[in-house]
Amino acid sequence: MGRSRRTIPEELLLLALDPTTGTTAQPQSLDLGLAGAQLVELALAGRIAPDGDRIAVVMPRPTGDPTLDSALELLRRRGSPVRAVHWIGGPRLGLRQIYLAHLERCGMVHAVAGQMCGVLPTTRYQATDTAVSRDIRSRLDSAIRTGVPPDPRTAALAALAHAVGLGKHLYPGNEGRSSRSRLRDLIRHDPMGGLVAHAVMDVQNGVAVQPRRNQQAAGMPSQPQAPARRGSMAHTSAVH
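Residues numbered from 1 in each chain as written. Predicted model: local features only at pLDDT ≥ 70, side-chain atom pairs only at ≥ 80, totals over all residues. Heavy atoms only, no water.

You'll find the protein chain entered in an unreviewed UniProt entry as GPP34 family phosphoprotein, with Streptomyces nitrosporeus given as the organism. Quoted straight from UniProt, the Subcellular location (unreviewed entry) entry for the protein chain says "Golgi apparatus membrane". (UniProt positions renumbered as here; feature names shortened; annotations may be inferred.)

Okay, structure coming up:
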């Protein structure tokens, strides 16, 4: 995979990054969303494929992206298809910090050290090229505004943005209500993105891990659930 194309995990994180504060919205659910975004990116690269509500490795060859290849290798070691909800809810938290460091190495963000209350060290992140973030946002805005079915990458990004609760961050207030609703509706345009987004919401809502037999048999995703409420929409990334 060439570096000319941003991956869905990278784009999801850039969407969540507040350009004013340098913090990320929905930090806890964002870890889950990034795990799901890795699955979607690997599926688009032809490395994995959905098998009902499970994920199966169909080509173990590395992609060339270290963060994605780490996930691919973990999936390969499972030896058999794994439920998306089990994968996303697994013990791989910290992806937000991993991807922030990754974006910094790639020159897409730069870290700004600081202190909280004059004592606790913190790190904020600023995008080095705001045109990149504007481009990502404009794709979502266009899909919402025109109603034209988006490409699979944009559809999956929209599904994940809704799943992790970025709707109110991207389209705040009463004036953004219709845009948030249309963002949610974009979930139906990409089967893999829909499967992963539902798994992200299931993990957040503590839903029992059961296969969606009826929906999978019919080839249709179930109605999306509202993301779990979070106490804060912004977060200061403390140095770990």
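From this point, things continue past the structure.
Draft legend 1. Representation of the overall build of the protein chain in the model. Of the regular secondary structure elements, the protein chain holds 11 helices and six strands. Expressed as a percentage of the 240 residues in the protein chain, the buried residues total 46%. Within the protein chain, residue pairs in contact and separated by at least 24 positions form 68% of the contacts whose partners lie at least 6 positions apart. As displayed, the protein chain has an accessible area near 11,500 Å², and 53% of this comes from carbon and sulfur atoms. (Helix = DSSP H or I, 4+ residues; strand = E, 2+ residues; numbered from the N terminus. Buried < 20%, exposed > 50% of the residue type's maximum accessible area, 1.4 Å probe, protein only. Contact = heavy atoms within 4.5 Å. Areas by Shrake-Rupley, 256 points an atom, 1.4 Å probe, with all protein chains shown as cover.)

Draft legend 2. Region of interest: the packing of aromatic side chains. For the structure on display, the rule yields zero aromatic pairs. Its guanidinium or amino end placed over the ring of Tyr171, Arg137 lies 4.7 Å from that ring's centre, counting from NZ or CZ. (Phe/Tyr/Trp six-rings, centres within 6.5 Å; stacked < 30°, edge-to-face > 60°. Lys NZ or Arg CZ within 6 Å of the ring centre and 35° of its normal.)

Draft legend 3. Local environment of helix H3 (residues 66-78). Taking 1.5 Å as the rise per residue, H3 with 13 residues should run 18 Å; its terminal C-alpha atoms sit 19 Å apart, in good agreement. Thr67, Leu68, Asp69, Ala71, Leu72 and Leu75 are the residues of H3 that are buried. Packing partners of the buried residues in H3 comprise helix H2 (27-44), strand E1 (48-51), strand E2 (54-57), strand E3 (82-83), helix H4 (84-88) and helix H5 (95-105). Phi turns positive one or two residues past the end of H3, at Gly79, with a value near 80°. (Expected span 1.5 Å × (residues − 1).)

Draft legend 4. The sheet that holds E3, seen in detail. Within the open sheet, the three strands sit side by side as E1-E2-E3. Their pairing is antiparallel. Strand pairing shows two members of the sheet lacking a second neighbour, E1 and E3, which therefore form its edges. Where E1 and E2 come together, four bridges link them in antiparallel fashion. Among the inter-strand pairings, Ala49 is bridged to a residue of E2, identified as Ala56. Across the sheet, H3 lies against E1, E2 and E3, angled at about 95° from E2, the strand it touches most. (Pairing = 2+ DSSP bridges. Axes fitted to C-alpha atoms, helices over the stretch in contact; angles between N-to-C directions.)

Draft legend 5. Examining the nonpolar core more closely. The biggest cluster of nonpolar side chains holds 60 residues, and the ones touching the most others in it are Leu12, Leu39 and Leu166. The set of elements that each furnish at least two residues to this core consists of helix H1 (8-16), H2, H3, H4, H5, helix H6 (130-146), helix H7 (152-163) and helix H10 (191-205). Per-element tally for this core: the top contributor is H2, with eight residues. Leaving out residues up to four positions away in the same chain, Leu12 has contacts with Leu30, Gly33, Leu34, Ala37, Leu157, Leu160, Ala161 and Leu166. (Core = buried A, V, L, I, M, F, W, Y, C linked by side-chain atoms within 4.5 Å.)

Draft legend 6. View of H1. Most of H1 sits out of view: nine of its nine residues are buried. For H1, every residue scored as buried is listed here: Ile8, Pro9, Glu10, Glu11, Leu12, Leu13, Leu14, Leu15 and Ala16.

Draft legend 7. Up close: the environment of Trp87. Among the secondary structure elements, Trp87 is positioned in helix H4. Sequence spacing of Trp87 and Ile55 is 32 residues, and the spatial spacing of their C-alpha atoms is 8.8 Å.

Draft legend 8. Examining unusual backbone geometry more closely. Residue Gln26 is not a glycine yet carries a positive backbone phi of 50°. Inspection of the secondary structure puts Gln26 in the loop between H1 and H2.

Draft legend 9. Representation of the pattern of salt bridges in the model. Counted by the stated rule, this structure contains nine salt bridges. Across the pair Glu73 and Arg76 runs a salt bridge, and its minimum N-O distance is 2.5 Å. In this pair, Glu73 and Arg76 both sit in helix H3, three residues apart, roughly one turn of the helix. Note on Arg76: relative accessible area 41%, which makes it partly exposed. One network of salt bridges, in which partners are shared, links Arg6, Glu11, Asp135 and Arg139. (Salt bridge = Lys/Arg side-chain N within 4 Å of Asp/Glu carboxyl O.)

Draft legend 10. Spatial organisation of the environment of Tyr125. By secondary structure assignment, the location of Tyr125 is in strand E5 (residues 120-127). Taking the C-alpha atoms as reference, Tyr125 lies 9.8 Å from Met108; in sequence the two are 17 residues apart.

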